[in-house]
Amino acid sequence: MIRLVGYLFGIGAVFFVIVAVAVAWYVNSVTQDLPNYEVLASYEPPVTTRVHASDGSLMAEYAHERRLFLPIQAVPDRVKAAFISAEDKNFYHHPGLDYRGLLRAIFTNIQNYSSGKRMVGASTITQQVAKNFLLSSERTIDRKIREAVLAFRIEQAYDKDRILELYLNEIPFGYNSYGIASAALTYFNKSVSELTLPEAAYLAALPKGPANYHPFRHPDAAIERRNWVIDRMVENGYVDATDGEEAKSMPLGVNLRRFGKYLFASDYFSEEVRREIVDRYGETALYEGGLSVRTTLDPHYQELARSALQNGLIKYDTSRGYRGPVATINPDGDWGIPLEAVNPLRDVPEWQLAVVLETGPESATLGLRPQKNSSGKISDKRVTVTLQGSDMEWAYKVVRDGKSKKVKNVSDILAVGDVVYVQQIIGDDRDYYILRQVPEVQGALVAMDPNTGRVLALVGGFSFSQSQFNRATQAKRQPGSAFKPFVYAAALDNGYSPASVVLDAPIQIVSGGELWEPKNYGGSFAGPSTLRLGLERSRNLMTVRLAKDMGMNLVSEYAERFGIYDNLLPYLPMALGSGETTVLRLVSAYAVLANGGKQIQPSLIDRIQDRYGKTIYRHEDRRCDACVAEDWHGQPEPEIVDTREQVLDPMTAYQVTSMLEGVVIRGTAARSVNLDRPVAGKTGTTNEEKDAWFVGYTPDLVAGVFIGYDNPTPMGRGSTGGHLAAPVFNEFMQAALEGTPPVGFRIPPGLKLIPINRKTGMEANPGDPDVIYESFKPGTGPADYFSVIGEGDYMTGDQILNTSPQANKAVISGTGGLY
């Protein structure tokens, strides 16, 4: 018997050795090519890039995985306890594997298998770190063995807090939210330190399956799982029973945070910043780099700019008539369901979609689009309103098939089933609704600090939801007469004065058999006139003669120096604004006039920091060595070293500014711009009124407005820069400068103010009826005798344009610069 026992023991020992060797060989083969766990030491997870306005308001977030890295020291003990209780109660005691938990899971799974229940896991937090960072999610024995070996090695290399930090910053929580910091913001719109016990417990319940415990789709399961976590926290001694019961009685309290662009009306600005970051650092840095971007945007100015531009576009569009509904639906039955399916313009919240339910001669009944609740279900509430014919008078001009006609009844305008936009107006005596339609015409507005180049507001169209094309930075359009100040600046910088006289009379240019005969807007001309009068009244004929007299090469040089164009062809039609540029570039050029001739670099970004807080970009590059002094010892005040290039004589800049003040006081913008302070600016309109511009400035704020169809189309007689764009500028500037004291333009030392006759440009005599004080540089003054530039000129193309008839034909056909 003893011999038999020994025999069996020997067989068992041999069998054990064979199994052990086989297991060792298997484990060794499985773990031969294990990933290097040392990469965890340099863990840099994809982190959300956040874009802020100048006042710190959050404008946008960009990420493939929404994650904000949070050091373990910043995670409250209660939050740690929730996750440890939910996932690995022995975390701080096991070496990577929880053997007791493993055995418990084996017995539980045997029971679950026989009863058809779901299998449970036994992975520790360390094992989950190994799987999430270094392995795949495949459900195989090979992966589990590799995971266990890596868990042992990770435990030997890193302390427990570091492992928990990796886990809490990596795990997914649903809603594209990764890591505990992002989850707290997503589900409760709070920081981690503000989470309550039931909130922390709910977040700890999510890693097992965010979709299974969705707060709105599966609220009962979510509460059950959260309460289970609370019970485990009580069981493990992290929470007393009383607090636990109180926490379990609380509702989920989920308050989902809306991701995307947060700051109202900032979409065009945010998108331009996004493109700049991608160009500068690449998409990986944007969506994974965790950059902190502080922009130049002023939220107050941005809202004012949006409102002014939208009002201008709506005013023009409604004057053209009503074009028809947004869509048409069947209003029978529950009209709210098909109406909700029509997508509104989300960035024009003042407007609401509505469906026409009844219509008559003088009014119509409309049903407002129902809203969805937090769970995504359409509200059962249905709201109807009345639209009076007297509140939609502009729509009695109906446009059908490109032709407009007048109608008499509301029923001729609206039909049952039409989906339209309406806006509620809250008046002093009554509240009512008016009919709205999305304008076909588009536009842009840019506001800038002329001393730094910081873009304070940028609106690239009526609605970003309607069109993401940015007309402030992407659309290249002819500026027309808005370019003329730079022709005059080139002249004043090279020997001419505001009192120089140029002939304003018909002119013909022949080149390669093509005849170009530029005209003034309206066809009139004034004969010999001063440069001031020519700019104030936007005289094309004078500008052509002036450009010819000084040479188009000089004009091209100045246009490029101001940054309006990269390579302006030296052809005379270009002096009238025939070249194409953007609103941002033209506003930047006017900023040079406003700041006394200093070159500026337009910027939408003040500063960019990496994920560690290190500044990697700063727009402000001026030096101030004494600004870093820790205390004062009687030293003089710090001085900022201005290294900007002087691209225009400060005296010339003031002369042009003074002439542009005349544009607002007496010229083409006199009826549209009426600020209670000194302001300078210039209108611009191209041939057939396809583009309308106004760019103007005070000493500390410059703004430019463009209006036109995306596919350049005539906007109708009278649709000039003075009639369309200048009122938008005026509305914006009035609101932006409200409450600020008027400031005059700074006169450079050395300039002389001499009274002259406005018509002759010569020094005024006592009793002259039309006198103006004009600015002259040292050594210059009014002419001693009457001399006219361009008198008797006859110009041929070879003399004035270019020796290439083909090039001249192309330039002449695109000539702009009317008004």
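A brief report on the enclosed structure follows. Remember, it's a predicted structure, so these values are computed and weren't measured experimentally. (Residues numbered from 1 in each chain as written. Predicted model: local features only at pLDDT ≥ 70, side-chain atom pairs only at ≥ 80, totals over all residues. Heavy atoms only, no water.)

1. Quick word on the overall build of the protein
Move 1: From N to C terminus, the protein includes 23 helices and 28 strands.
Move 2: Looking at the protein as a whole, 53% of its 819 residues qualify as buried.
Move 3: For the protein, the proportion of contacts with a sequence separation of at least 24, taken over those separated by at least 6, is 70%.
Move 4: Carbon and sulfur atoms provide 51% of the accessible area of the protein, an area that totals close to 38,000 Å². (Helix = DSSP H or I, 4+ residues; strand = E, 2+ residues; numbered from the N terminus. Buried < 20%, exposed > 50% of the residue type's maximum accessible area, 1.4 Å probe, protein only. Contact = heavy atoms within 4.5 Å. Areas by Shrake-Rupley, 256 points an atom, 1.4 Å probe, with all protein chains shown as cover.)

2. Regarding the packing of aromatic side chains
Move 1: Scanning all chains against the criterion turns up 20 aromatic pairs.
Move 2: When the ring of Phe91 is compared with that of Tyr92, the centres are 5.0 Å apart and the planes differ by 75°; the resulting orientation is edge-to-face.
Move 3: Take Tyr92: its relative accessible area is 37%, and that puts it in the partly exposed class.
Move 4: Here the guanidinium or amino end of Lys160 rests over the ring plane of Phe91, the centre of that ring lying 4.6 Å away.
Move 5: Taking NZ or CZ as reference, Arg430 lies 4.1 Å from the ring centre of Tyr432, over its face. (Phe/Tyr/Trp six-rings, centres within 6.5 Å; stacked < 30°, edge-to-face > 60°. Lys NZ or Arg CZ within 6 Å of the ring centre and 35° of its normal.)

3. Here we look at the side chain of Asp418
Move 1: With respect to the helices and strands, the residue Asp418 is situated in strand 13 (residues 418–426).
Move 2: Setting aside residues up to four positions removed in sequence, Asp418 forms contacts with Pro325, Ala327, Thr328, Ala354, Val355, Val356 and Ile413.

4. As for helix 20 (residues 650–665)
Move 1: Here helix 20 contains 16 residues, and its C-alpha end-to-end distance of 23 Å stays within 8% of the 22 Å for a straight helix at 1.5 Å per residue.
Move 2: Most of helix 20 is tucked away, with 14 of its 16 residues classed as buried.
Move 3: Taking the backbone nitrogen of Met651 as reference, a side-chain oxygen 2.8 Å away marks Asp649 as the first, capping residue of helix 20. (Expected span 1.5 Å × (residues − 1). Polar contact = N/O pair within 3.5 Å; in protein donor to acceptor, adjacent residues only side chain to side chain.)

5. Notes on the environment of Val664
Move 1: Inspection of the secondary structure assignment puts Val664 in helix 20.
Move 2: We classify Val664 as buried; its relative accessible area is 7%.
Move 3: For Val664, the contacting residues outside a window of four places in its chain are Ala669, Ala670, Val673, Val679, Ala680, Gly681 and Phe694.

6. Some details on the sheet that holds strand 5 (residues 177–178)
Sheets are built from strands paired through backbone hydrogen bonds, the pairs being either parallel or antiparallel.
Move 1: The mixed open sheet is built from three strands, whose spatial order is 3-5-4. Pairing within the sheet leaves two strands with one partner each, and these edge strands are strand 3 (66–67) and strand 4 (172–174).
Move 2: Relative to strand 5, strand 4 is paired through two bridges, and the arrangement is antiparallel. Counterpart to Gly174 in the pairing with strand 5 is Ser177. (Pairing = 2+ DSSP bridges.)

7. Points about the side chain of Ser529
Move 1: When you line up the elements, Ser529 lands in strand 20 (residues 527–530).
Move 2: Looking at Ser529, its side chain comes within polar contact range of the main-chain oxygen of Gly527, at 3.1 Å.
Move 3: Excluding anything up to four places from it in sequence, Ser529 contacts Ser500, Val501, Val502, Asp504, Met542 and Lys759.

8. Concerning the sheet that holds strand 15 (residues 442–448)
Move 1: The strand order across the open sheet formed by five strands is 16-15-25-24-23, and the pairing between neighbours is antiparallel. Taken across any chain shown, the strands that pair with only one partner, and hence form the sheet edges, are strand 16 (455–459) and strand 23 (680–685). Looking at each pair of strands side by side, their axes are set apart by 5° on average, direction ignored.
Move 2: Pairing of strand 15 with strand 25 (residues 701–708), which is carried by seven bridges, proceeds in the antiparallel orientation. When the bridges of strand 25 are listed, Val446 appears paired with Gly704. (Axes fitted to C-alpha atoms, helices over the stretch in contact; angles between N-to-C directions.)

9. Focus: a nonpolar patch on the surface
Move 1: Residues Ile747, Leu753 and Tyr773 make up a contiguous nonpolar surface patch of roughly 320 Å² in combined accessible area.
Move 2: Tracing the sequence through the fold places Ile747 in the loop between helix 21 (721–736) and strand 26 (752–757). (Patch = residues over 30% accessible without salt bridge, like charges linked within 9 Å, V, L, I, M, F, W, Y side chains within 5 Å. Salt bridge = Lys/Arg side-chain N within 4 Å of Asp/Glu carboxyl O.)

10. Description of the nonpolar core
Move 1: Grouped together as the largest cluster of nonpolar side chains are 141 residues, with contacts concentrated most on Tyr590 and Phe732.
Move 2: Top element by residues in this core is helix 19 (residues 583–594). It accounts for ten residues.
Move 3: In this structure, Phe732 is in contact with Tyr301, Leu304, Ala305, Ala308, Leu445, Ala447, Leu701 and Ala703, ignoring residues within four places of it in sequence.
Move 4: The next biggest cluster of nonpolar side chains, apart from the first, holds 52 residues, and it includes Ala183, Ala201, Met233 and Leu252. (Core = buried A, V, L, I, M, F, W, Y, C linked by side-chain atoms within 4.5 Å.)

11. Digging into the pairing of strand 15
Move 1: In terms of burial, strand 15 is a largely internal element, seven of the seven residues being buried.
Move 2: Burial along strand 15 is two-sided: the face carrying Gln442, Ala444, Val446 and Met448 and the face carrying Gly443, Leu445 and Ala447 are both buried.
Move 3: By the bridge criterion, four bridges tie strand 15 to strand 16 in an arrangement that is antiparallel. Note that in strand 16 the partner of Val446 across the bridge is Leu458.

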